[in-house]
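Coordinates in review
The chain contents come next:
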Amino acid sequence: MSDAGTNAGGAKTGGRRGFGTKIGFIMAAAGSAVGLGNLIRFPYITGEYGGGAFVLVYIAAVLLVGLPLMFSELILGQQGKSGIMGAIRNLTSHCGIASTIMSISTGLLAVITCCMFLAFYSVLGGWTLHYLFGSIGFPGVEIALSKEAFEGFQKNLQLNIVWHSVFMLLTTLVVAGGVQNGIERLCNLLMPMLILFLIGLLGYVAYEGWLNQAVSFLFTPDFSRLSPKAFLDALGQAFFSLSIGMGTMVIYGSYMKQRGTVVRDGVAVSFVDTGIALLGGMVIFSILFSAGQKPDQGLGLLFVTLPNLFAELPAGSVLSIFFFALVVFAAWSSSISLLEVPVSFLIEEFNLSRRLAAALFGLAIWGLGMGCAVSLDFLNQLDSIVSLYLLPLGGMLVAIIVGWMVKADPRDQGFTGRDSGASPLSRCWLFTLRFISPVLIVLILLYKFELLDWLLASSK
Ligand code: PHE
């Protein structure tokens with residue numbers, strides 16, 4: 001996303017300037033979606049829940065909740081031409097007080113969620129920087145090659161603080177300068193490179209004969225490993241990975257051309273995002289199993305397995321630099337889009353300058369992130385609160401707003417790309433958005449809190 005008027009491409013989008021090409025939009029939005037959620041969090045949770053069954057539930061969550069909400073956020077932005085609070089206000093103004101209540105509550109929730117999200121994400125982003133500099137051979141920066149050494153690294157407060165501060169500074173500088181469009185151009189180049197790199201690694205592990213076990217782990221469901229929390233985790237992971245439930249995709253939508261459907265782009269972004277998670281998972285688990293290790297290694301999967309592989313390969317140190325540069329970039333482009341939500345809120349609602357808004361939020365989030373840098377428990381807690389509760393709540397509010405409050409005309413136009421009228425597909429989407437996605441979210445939350453049984457029993 002970019003600041004109005006400083007955007008790449010140059011197609012006019014009702015006062016805002018939009019993306020010049022479709023592929024530019026897809027790669028930029030994929031730059032937000034593809035990040036540490038795909039490469040660290042997805043293999044980590046999938047490993048904890050024993051593979052296949054979790055992957056199936058995850059894909060169901062993407063299709064039944066993630067995708068309909070991705071379309072909704074893009075349409076809110078495309079038709080409302082603003083950040084999340086303004087877009088809701090613009091598109092539901094006929095609803096009177098309900099419009100005010102929903103726009104303020106959903107907008108504030110998105111801002112708070114993004115701040116909490118970026119606070120712990122930046123610490124993880126800092127780890128990737130450490131690995132990049134370690135791969136380059138920067139004096140004094142060493143890469144942990146064993147699980148134990150990685151755990152030691154995670155508990156090294158000084159390193160965590162330094163890298164978190166550097167990562168947060170890099171993010172804030174880009175947002176303050178309003179130069180996201182430069183990053184988006186880079187996304188055009190680097191996203192395909194990341195995909196190609198992962199495909200190359202996949203080819204290598206297949207050639208070595210390591211792939212089979214990983215594929216059967218990821219794609220043979222064993223439902224006995226699923227607990228109620230697995231459903232909530234799958235849902236949370238879908239929100240986390242697709243960058244939905246906190247207004248990011250609304251901002252991307254606001255830079256799309258006002259005419260034209262959001263469906264193809266939404267599908268493409270979700271497809272790239274899920275594809276990269278699966279690709280990364282196949283590579284990481286292949287290497288892990290080939291070394292006879294267990295899949296539940298926690299957050300260190302990416303940081304321990306891949307450097308070990310690179311250490312064995314010819315030209316491994318170059319590959320390692322290249323790979324961690326791509327991962328740093330993926331994390332950075334995601335964190336920029338996270339900071340953009342609170343910053344554009346201050347710009348749009350309070351007329352603050354971009355620089356001041358970025359400095360204020362950058363500093364506040366850096367402060368909160370310090371808590372995560374010094375305590376892994378706090379980091380995990382923040383991650384759980386955000387992914388398991390705040391993102392689904394934000395998503396549910398968006399489903400209610402787009403499903404029930406936004407008028408049919410803008411909603412259908414955004415979906416079909418035509419001037420008027422719904423299509424069979426858009427009716428299907430609307431039905432899912434109105435009845436299936438919010439109900440699933442509520443059921444999963446009730447199930448997790450063991451309230452479902454209680455409700456069913458007391459209704460007898
Ligand atoms: N989707 C990103 C990831 O998978 C995280 C993110 C969430 C980025 C929300 C922006 C907004 O890492």
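Right above here is the structure, for reference.
First things first, this report covers the structure right here in the doc. Every chain's residues receive numbers from 1 upward, in the order its sequence appears when written. Since the coordinates come from a predicted model, pLDDT governs what is reported: local features require at least 70, and pairs of side-chain atoms require 80 or more to be given and counted, while whole-chain, interface and lining totals use all residues. Hydrogens are left out, water is left out, and the side-chain values use all remaining heavy atoms of the structure.

1. Some points on the overall build of the protein chain
Put simply, the rule reads: Secondary structure follows DSSP: runs of H or I at least 4 residues long count as helices, runs of E at least 2 residues long count as strands, and numbering of each begins at the N terminus. In this setup the radius of gyration rests on C-alpha atoms only. A globule is expected at 2.2 Å times the number of residues raised to 0.38. Classification of residues uses two cut-offs on accessible area relative to the type maximum, computed with a 1.4 Å probe and protein chains only: under 20% is buried, over 50% is exposed, and between them is partly exposed. Two residues form a contact once any of their heavy atoms are found within 4.5 Å.
The helix and strand inventory of the protein chain stands at 19 helices and 2 strands. Scaling as 2.2 N^0.38, a compact globule of 460 residues should have a C-alpha radius of gyration of about 23 Å, and the protein chain matches this with 21 Å. Overall, the protein chain is about 60 × 60 × 40 Å in size when its C-alpha atoms are taken along their principal axes. A total of 460 residues make up the protein chain; the buried ones form 58% of that total. For the protein chain, the proportion of contacts with a sequence separation of at least 24, taken over those separated by at least 6, is 80%.

2. Side note on the site of the ligand
What counts is decided by this rule: When at least one non-hydrogen atom of a residue lies within 4 Å of a molecule or strand, that residue is treated as near it. Polar contact criterion, stated in full: a pair of N or O atoms within 3.5 Å, where within protein one must be able to donate a hydrogen and the other to accept it, and residues adjacent in sequence count only if both atoms are side-chain atoms. Using the Shrake-Rupley algorithm and a 1.4 Å probe, accessible areas are obtained, with residue cover drawn only from the displayed protein chains. For this scheme, ten residues count as nonpolar: Ala, Val, Leu, Ile, Met, Phe, Trp, Tyr, Cys and Pro. Four count as charged, namely Asp, Glu, Lys and Arg, and the remainder, Gly too, count as polar.
With respect to spatial proximity, 16 residues lie near the ligand, and among them Ala33, Gly37, Tyr121, Phe240 and Ser241 are the closest. Within the backbone of Ala33, a nitrogen or oxygen atom sits 2.8 Å from a nitrogen atom of the ligand. Phe240 has a polar backbone atom sitting 2.8 Å from a nitrogen atom of the ligand. Out of a free accessible area of 320 Å², the ligand has 100% covered by protein chains. The set of elements that each furnish at least two residues to the shell around the ligand consists of helix H1 (22-33), helix H2 (36-48), helix H5 (97-136), helix H10 (228-242) and helix H14 (316-350). Tallied by class, the residues present in the shell around the ligand amount to 7 nonpolar, 9 polar and no charged.

3. Remarks on the packing of aromatic side chains
The criterion, for reference: When two rings of Phe, Tyr or Trp (its six-membered ring) have centres within 6.5 Å they constitute a pair, described as stacked for plane angles under 30 degrees, edge-to-face for angles over 60, and tilted for the intermediate range. To sit over a ring, a charge needs its Lys NZ or Arg CZ within 6 Å of the ring centre and within 35 degrees of the ring normal.
All told, the structure shown has 33 aromatic pairs when counted by the stated rule. Ring plane angle 85° and centroid distance 5.6 Å describe the contact between Phe71 and Phe415, whose orientation is recorded as edge-to-face. Placement of Phe71 in helix H3 (residues 52-80) and of Phe415 in helix H17 (residues 408-416) is noted, with a sequence separation of 344 residues between them. One aromatic cluster is present, formed by Trp127, Tyr131, Phe150, Phe153, Phe197, Phe303, Phe310, Phe322, Phe323 and Phe324 through successive ring pairs. The side chain of Arg434 reaches across the aromatic face of Trp404, ending 4.5 Å from its centre.

4. Some words on the packing of helix H15 (residues 354-374) against helix H16 (residues 376-405)
Relative orientation and spacing of two packed helices are given, respectively, by the angle between their axes and the distance between those axes. Put simply, the test is: With axes taken as lines fitted to C-alpha atoms, and helix axes fitted only over the stretch in contact, angles between N-to-C directions fall between 0 and 180 degrees. Angle categories: roughly parallel below 35 degrees, roughly antiparallel above 145, roughly perpendicular from 65 to 115, and oblique for all the rest.
Remark: H15 packs on H16, axes separated minimally by 5 Å, with the N-to-C direction vectors making an angle of 120°. Relative to H16, the element H15 is oriented oblique. Facing H15, whose interface residues are Leu368, Gly371, Cys372 and Val374, H16 presents Leu376, Phe378, Leu379 and Leu382.

5. A short note on the state of the cysteines
Heads up, the rule is: By definition, disulfides here are pairs of cysteine sulfur atoms that lie within 2.5 Å.
Taken as a whole and judged by the stated rule, the model has 0 disulfides. Between Cys187, a cysteine without a disulfide, and Cys114, which holds the nearest cysteine sulfur, the sulfur-to-sulfur distance is 17 Å.

6. Topic: the nonpolar core
Stated precisely, the cut-off is as follows: Nine residue types can take part in a nonpolar core, namely buried Ala, Val, Leu, Ile, Met, Phe, Trp, Tyr and Cys, and a core is a set of them joined through side-chain atoms within 4.5 Å.
With 157 residues, the main nonpolar core has Phe117, Phe120, Leu302, Leu306 and Phe323 as its most contacted residues. The element that contributes the greatest number of residues to this core is H5, accounting for 18 residues. Setting aside residues up to four positions removed in sequence, Leu302 forms contacts with Leu39, Ile40, Ile284, Pro307, Phe323 and Val327.

7. What about helix H4 (residues 84-91)?
Counting buried positions along H4 gives 6 out of 8 residues, so the element sits mostly inside the fold. Those residues of H4 that fall on the buried side of the exposure criterion are Ile84, Met85, Gly86, Ala87, Ile88 and Leu91. Each element contacted by the buried residues of H4 is listed here: H3, H5, helix H11 (248-254), H14, H16 and H17.

8. A look at the side chain of Ser32
Locating Ser32 in the fold gives a position in helix H1. Among the residues examined, Ser32 registers a relative accessible area of 3% and is labelled buried. Not counting chain neighbours up to four residues away, the residues in contact with Ser32 comprise Ser243, Thr248, Met249, Tyr252, Ser333, Ser334 and Ser337.

9. Overview of the pattern of salt bridges
What counts here: The salt bridge definition used is simple: a Lys or Arg side-chain nitrogen within 4 Å of an Asp or Glu carboxyl oxygen.
All chains considered together, the criterion is met by 4 salt bridges. Linking Glu349 and Arg89 is a salt bridge whose minimum nitrogen-to-oxygen distance equals 3.1 Å. Residue Glu349 is located in helix H14, and its partner Arg89 is located in helix H4; the two are separated by 260 residues in the primary sequence. Note on Arg89: relative accessible area 36%, which makes it partly exposed. One salt bridge in this structure joins Arg354 and Glu340, with 2.9 Å as the shortest N-O distance. With Arg354 in helix H15 and Glu340 in helix H14, the pair connects residues that are 14 residues apart, well separated along the chain.

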